[in-house]
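A structural walkthrough
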Amino acid sequence: MDPEKEEGLDERHGNKSKGVQASPVHSSVALVEEETDEADPWNLPELKDTGVPWSALDTKGKVLRVLVSIGKLVLLLGFLYMFICSLDLLSSAFQLVGGKTAGDIFQDNSVLSNPLAGLVIGVLVTLLVQSSSTSSSIVVSMVSSGLLTVQLAVPIIMGTNIGTSVTNTLVAMTQAGDRSTFRRAFAGATVHDFFNWLSVLVLLPLEVATGYLYMVTKLIIDSFNIQSGEAPDLLNVITDVLTESVIELDETVLGGIATGDPAARNKSLIRKWCQSFTNTSCTSPSLCWDDGNYTFTLKNISETYNIQKCKHLFVDVDLPDLAVGLILLALSLLVLCSCLILIVKLLNSMLKGQVAAVIKTILNHDFPFPFGWVTGYIAILVGAGMTFIVQSSSVFTSAITPLVGIGVISIERAYPLSLGSNIGTTTTAILAAMASPGDTLANALQIALVHFLFNISGILLWYPIPVTRLPIRLAKGLGNITATYRWFAAVYIICCFFLLPLFVFSLSLAGWQVLVGVGAPLLIILIIIIVINMLQKCKPGCLPAKLRSWDFLPLWAHSLAPWDGVVGVINSKCCCCCKCCQVAAEDPEHQEKESVENNKKTHTEVYDNPAMSAEKETTRTILNIIRLIL
């Protein structure tokens with residue numbers, strides 16, 4: 001047929017030709033997407049200034065803009081202060097809700113003798129109290145009292161390193177509104193998680209086999225005559241003014257429960273008296289005597305007198321610790337989320353145009369060749385210094401997560417900053433350990449050095465050589481997944497920080513035979529899957545034809561798309577509880593539109609791959625079953 005006539009037919013029957021279009025074959029969808037999506041989603045976005053340029057303003061406008069900028073900066077500092085205080089209150093709330101349970105977990109020495117169980121206990125306890133410093137101090141008190149050896153405490157310290165990284169991951173969830181922002185924020189938060197998990201995967205077996213961390217720290221302790229000192233308070237001096245007016249906790253109660261003190265179990269974690277005096281006196285004059293400047297007693301009695309009551313909000317509240325903890329948990333989460341949203345809004349309004357360009361250049365720029373490699377190590381030092389100032393790695397990493405999300409800090413720069421925060425929190429623990437009494441100084445300091453050496457060893461494994469920076473690639477991969485399927489972020493947090501530790505802990509309670517019998521086959525299967533995935537990407541020719549892709553498996557077994565449909569059905573069922581959703585569902589026009597869409601789908605499916613049609617039919621069957629159940 002003549003091309004001109006053919007074009008005329010297309011023009012006359014344009015509506016009909018546009019109505020039915022062949023969908024691409026499933027195997028070519030990825031190619032089509034790669035051609036249309038040319039922009040790299042990990043490139044930092046340009047924060048464009050939509051306001052009036054500075055040069056176009058008159059004197060009054062310039063003065064007003066300066067005053068508004070100063071006001072925004074003051075508000076930003078105020079919200080940041082409230083954000084840090086809310087994290088402190090969140091830690092106190094978790095201690096009230098699960099602190100005594102955490103102390104009970106530490107008491108079972110038969111379980112702690114298993115290194116893997118010790119690691120999981122460290123993760124779970126840090127999740128319960130939301131503070132690696134608190135969980136580490138419990139471990140220190142147990143070692144000092146002789147209930148736990150330093151060797152058994154090493155895996156627990158590794159677990160606290162993992163548990164403390166969940167806070168900034170939860171903070172990233174608050175930025176799920178925009179896909180691009182959520183992709184960067186979640187990757188910037190989970191790069192810390194992947195570093196901790198990979199370090200444990202290498203260093204825990206090494207520690208079990210050789211005792212590397214214990215031996216090196218023992219050598220350091222024996223080589224130096226370390227004198228006890230006093231730990232500085234730094235940022236706590238500012239934040240304690242607000243947090244102590246809300247709640248004050250008695251930290252000795254958790255240590256007493258962990259060390260088996262029966263009196264501590266009946267005590268409340270809420271401190272009632274902030275100042276007390278203990279008087280020790282002789283029970284009888286015949287049982288004590290003076291010899292010069294010394295007084296000798298055979299039997300004495302100690303009496304504690306309460307002098308000054310605390311002044312926080314819950315000092316006179318007659319509620320159990322659990323109720324107070326739940327109230328404080330809701331309050332702190334509300335303040336934390338509100339402050340975080342307001343901080344992000346303020347940063348978006350302030351970091352525009354030339355200001356954003358200057359800040360992004362300073363934070364993400366590398367030194368000129370051949371000193372470009374130094375930039376990352378300076379970022380590590382900056383992260384360590386900032387964490388030392390705020391005295392919490394959770395606070396620092398949670399503060400930089402929104403900056404990664406809005407595109408001010410790249411994930412490549414956030415990675416060394418997070419590594420530095422790991423070191424910074426250990427230096428605070430070292431100084432705190434040096435404030436211990438002389439008889440417990442050596443053990444307390446050795447545990448703090450174990451934490452420090454663990455993070456240094458992890459940095460040596462996963463940072464100096466660019467090829468070994470696996471946490472960045474893994475975090476970006478997870479960020480891409482969560483940007484497409486946002487519900488997967490919640491699945492990741494629940495599985496990695498709750499279900500997996502609880503599963504391993506339950507197997508540990510059953511004994512090492514059950515742990516090895518169940519865990520070893522699962523680990524072997526996981527390793528095989530990882531190796532096959534790597535070969536599929538790098539050298540598919542080495543694999544049999546069937547294993548060069550996972551298409552031989554059902555679609556739901558190698559793709560999240562069917563599960564995304566399941567989540568969508570569940571969400572729609574939840575939404576249909578509202579009257580408006582029910583009205584929309586009963587509307588004849590709505591039903592007519594659905595029937596038209598179904599007809600279009602049947603037309604396009606004619607051109608689909610037959611194998612894909614079968615997979616789609618399976619997916620529809622699953623969705624129909626879920627609809628019937630719901």
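That block above? That's the structure.
Procedures and definitions
- In this numbering scheme, every chain counts its residues from 1 along its sequence in written order.
- Restriction of local features to residues with pLDDT of at least 70 applies here, the model being predicted, together with a cutoff of 80 or more for giving and counting side-chain atom pairs; totals for whole chains, interfaces and linings are based on all residues.
- Computation of side-chain values covers all heavy atoms of the structure but excludes hydrogens and water.
- Only C-alpha atoms enter the line fits that serve as axes; for helices the fit covers just the stretch in contact. Angles between N-to-C directions range over 0 to 180 degrees.
- Only DSSP runs of H or I covering at least 4 residues are called helices, and only runs of E covering at least 2 are called strands; the numbering of each starts at the N terminus.
- In these notes the angle categories are as follows: under 35 degrees is roughly parallel, over 145 is roughly antiparallel, 65 to 115 is roughly perpendicular, and the rest is oblique.
- When the near helix sits turned anticlockwise from the far one by under a right angle, the crossing is termed left-handed; a clockwise turn instead gives a right-handed crossing.
- In what follows, residue pairs with any heavy atoms lying within 4.5 Å of each other are defined as contacts.
- In protein, a polar contact means a hydrogen-donor-capable atom and an acceptor-capable atom, both N or O and within 3.5 Å, with residues adjacent in sequence counting only if both atoms are side-chain atoms; elsewhere, any N or O pair within 3.5 Å suffices.
- Exposure classes here rest on a 1.4 Å probe applied to the protein chains alone. A residue is buried below 20% of its type maximum, exposed above 50%, and partly exposed in between.
- Among buried residues, those of type Ala, Val, Leu, Ile, Met, Phe, Trp, Tyr and Cys that are joined through side-chain atoms within 4.5 Å constitute a nonpolar core.

Right, let's get into the packing of helix H17 (residues 374-390) against helix H18 (residues 393-406). With their axes 8 Å apart at the nearest point, H17 and H18 run at an angle of 120° to one another. Taken together, the axes of H17 and H18 lie oblique to each other. The interaxial crossing formed by H17 with H18 has right-handed handedness. Residue-level inspection shows Gly383, Met386, Thr387 and Val390 of H17 in contact with H18, the latter providing Ser393, Val395 and Phe396.

This brings us to the side chain of Lys476. In this structure, Lys476 sits in helix H21 (residues 470-484). Engagement of the side chain of Lys476 in a polar contact is seen with the side chain of Glu412, the distance being 2.6 Å. Not counting chain neighbours up to four residues away, the residues in contact with Lys476 comprise Trp42, Ala187, Ile411 and Glu412.

With that settled, the discussion passes to the environment of Ala490. With respect to the element layout, Ala490 can be found in helix H22 (residues 487-509). With a relative accessible area of 30%, Ala490 lands in the partly exposed category. Counting along the chain gives 320 residues from Ala490 to Leu170, while the straight-line C-alpha distance between them is 9.0 Å.

A few words now on the nonpolar core. As a rule of thumb, nonpolar side chains are buried together in soluble globular proteins. If you look at the biggest cluster of nonpolar residues, it comprises 41 residues, and the most contacted ones within it are Met158 and Tyr415. Counting residues per element, this core draws most heavily on helix H10 (residues 179-210), which supplies twelve residues. Discounting chain neighbours no more than four positions away, the residues touching Tyr415 are Val191, Phe195, Trp462, Tyr463, Arg469, Pro471 and Ile472. One finds Ile247, Val390, Ile400 and Ile406 within the second-largest nonpolar core, a separate group that totals 38 residues.

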